Amino acid sequence: MMIERILVIGAGTMGRQIAMSCALSGYETLLQDISEQALTAARTDLEAWAASRVSKGKLEQPDADAALNRLAQSTDLAASASTADLVIEAAVERLDIKEQIFATLGEHAPAHAILATNSSTLPSSRVAAASGRPPQVCNMHFFNPALVMKCVEVVRNEQTSDETVEAVTAVATRLGKQPVLVNKEIPGFIANRMMGAINAEALNLAHAGIASIEDIDTTAKTALGHPMGPFELMDMVGLDVIDFIAQATFAETGNEADKPHPLITEKVQAGLLGRKSGEGFYPYS
Ligand code: CAA
C-alpha cells in the first residue's frame, strides 16, 4: 500500500519530532493539536532545529525549507484525518482521550488509512475497537529524541493485519529508522522493559547508599558503553513520565517490583521532574 500523507496527532516533544522526521523523508505531513499555541511552539522549535542542522553543515538549506514546507499544521482533527494514509497518534497518555481520537479517526480517515499510536503505555488493542477497524491499528513507538533515535517498535495486537505491520515497518524504514517487531502486546514492549530493569537497579543502588548517582551514571557510560547514565536519561525523559510508566505497568502486571521507586515518587512530589523543570537528579540551569 502506498503511503504518501501522514497525520501526526499531538505537537508535544514526541509528536513534533516524529512529524519533522516524516517531512524530512518526503512525506506530506500534517501536525494536528487542539492547541494553536502548542503548534506554534512546535514550529518555532523545529525551525530552530533545522537552522542548527544547516549551520552545522548536516542539512542543506533547500532540504530544510522543503521539509518545513511539507509540514502543515491544523487544530481540526476530523478535517486532518480525511486525507491521511497513515496516522501516528502522539497525544497525551490518557485512554479516554485516545479512545475519542480513534473514534474520530475511524469516522473521518479514508477506509484504507492505517491508525498507529506512539503510546508507550497503552497497547493499541485498547483503542482498536473505538476506531472500528482493528486490523489497521498498531503501536508505532518512537524514542526520545525522535529525530535522533533509530529504533521504532512496531507492536501488533491480536487483530493487527500483516499488511498493517508491513506498511508501518516500511514507513519506519523510509524514515531512516530501525523498525523492530513486537509480536505480542506486553507492558513496556521491549525497550521500556529493559530500561525499567536498568533504572530499577540504579535506583536501588543509589537508595541503599552503595554509590552516588554520578558514579552509577559514570559506570553505565564507561563500563557498559551507554550514551547516558540512567539518572541522566531519567532526567531527560522526565521523572513524571518515568513515574507514569511505572504506575501504568504496575496497573497492568500487579507486580510490586513495577511500582514507582520511592526516589522517583519523592522527586515528583517535590516538583523536580528533570530537565524540563530545571532540576531532577541533577540541576539544570
Ligand atoms: N532533539 C533533537 N536532536 C537532538 C536532541 C533533541 N532533544 N538532543 C540531541 N540531539 C542531536 C544533536 O543535535 C546532535 O546532532 P548531530 O550529531 O547531528 O549534530 C546529536 O543529537 C548528538 O547530540 P549531542 O552531541 O548534543 O549529545 P550526545 O552525543 O550525548 O547525544 C543523545 C545526545 C542522542 C540524547 C544521546 O545521549 C543518547 O542517545 N541518549 C540516550 C537516549 C535514549 O536512551 N532515549 C530513549 C529514552 S526512552 C524513550 O523515549 C521511551 C519512552 O517511551 C519514554
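Calculation rules
- Residues numbered from 1 in each chain as written.
- Predicted model: local features only at pLDDT ≥ 70, side-chain atom pairs only at ≥ 80, totals over all residues.
- Heavy atoms only, no water.
- Core = buried A, V, L, I, M, F, W, Y, C linked by side-chain atoms within 4.5 Å.
- Buried < 20%, exposed > 50% of the residue type's maximum accessible area, 1.4 Å probe, protein only.
- Helix = DSSP H or I, 4+ residues; strand = E, 2+ residues; numbered from the N terminus.
- Contact = heavy atoms within 4.5 Å.
- Near = heavy atom within 4 Å.
- Polar contact = N/O pair within 3.5 Å; in protein donor to acceptor, adjacent residues only side chain to side chain.
- Areas by Shrake-Rupley, 256 points an atom, 1.4 Å probe, with all protein chains shown as cover.
- Nonpolar A, V, L, I, M, F, W, Y, C, P; charged D, E, K, R; others polar.
- Phe/Tyr/Trp six-rings, centres within 6.5 Å; stacked < 30°, edge-to-face > 60°.
- Lys NZ or Arg CZ within 6 Å of the ring centre and 35° of its normal.
- UniProt positions renumbered as here; feature names shortened; annotations may be inferred.

Ranked by size, the top nonpolar core spans 39 residues in total, and within it Ile 6, Ile 18, Leu 86, Ile 88, Met 140 and Phe 142 carry the most contacts. Sorting elements by how many residues they give to this core places helix H1 (residues 13–24) first, with six residues. Contacts of Ile 88, omitting those with residues within four sequence positions, involve Ile 6, Leu 7, Val 8, Ile 9, Ile 18, Cys 22, Ala 116, Asn 118, Met 140 and Phe 142. Counting 17 residues, the second largest nonpolar core, distinct from the first, contains Leu 7, Ala 84, Leu 115 and Ala 128.

Turning our attention to the site of the ligand. Taken together, 20 residues form the shell around the ligand, and within it Gln 17, Arg 53, Lys 56, His 141 and Asn 144 come nearest. In this structure, a nitrogen atom belonging to the ligand sits 2.9 Å away from a side-chain N or O atom of Gln 17. One nitrogen or oxygen atom from the side chain of Lys 56 is found 2.7 Å from an oxygen atom belonging to the ligand. Contact with the protein chains covers 63% of the free accessible surface of the ligand, which is 1,000 Å². Looking at the shell around the ligand, the elements with two or more residues in it are helix H2 (36–55), helix H8 (191–207) and helix H10 (230–237). The greatest single-element share of the shell around the ligand, amounting to three residues, is contributed by H10. Across the shell around the ligand, the residue classes tally to twelve nonpolar, five polar and three charged.

With that settled, consider the environment of Thr 219. Mapping Thr 219 onto the fold places it in helix H9 (residues 213–222). In this structure, the C-alpha to C-alpha distance between Thr 219 and Lys 150, residues 69 residues apart in sequence, is 24 Å.

So, about the packing of aromatic side chains. All chains considered together, the criterion is met by one aromatic pair. Judged by centre distance (4.8 Å) and plane angle (75 degrees), the rings of Phe 231 and Phe 281 are edge-to-face. Note that Phe 231 is positioned in helix H10 and Phe 281 in the segment after helix H12 (262–269), a separation of 50 residues in sequence. For the residue pair Phe 231 and Phe 281, the accessibility class agrees, reading buried in each case. A cation sits over an aromatic face here: Arg 174 above Tyr 27, 3.9 Å from the ring centre.

Annotation from UniProt places "domain: 3-hydroxyacyl-CoA dehydrogenase C-terminal" (unreviewed entry) at residues 188–284. As a span, residues 188–284 carries 60% helix and 0% strand, and end to end its C-alpha atoms are 28 Å apart.

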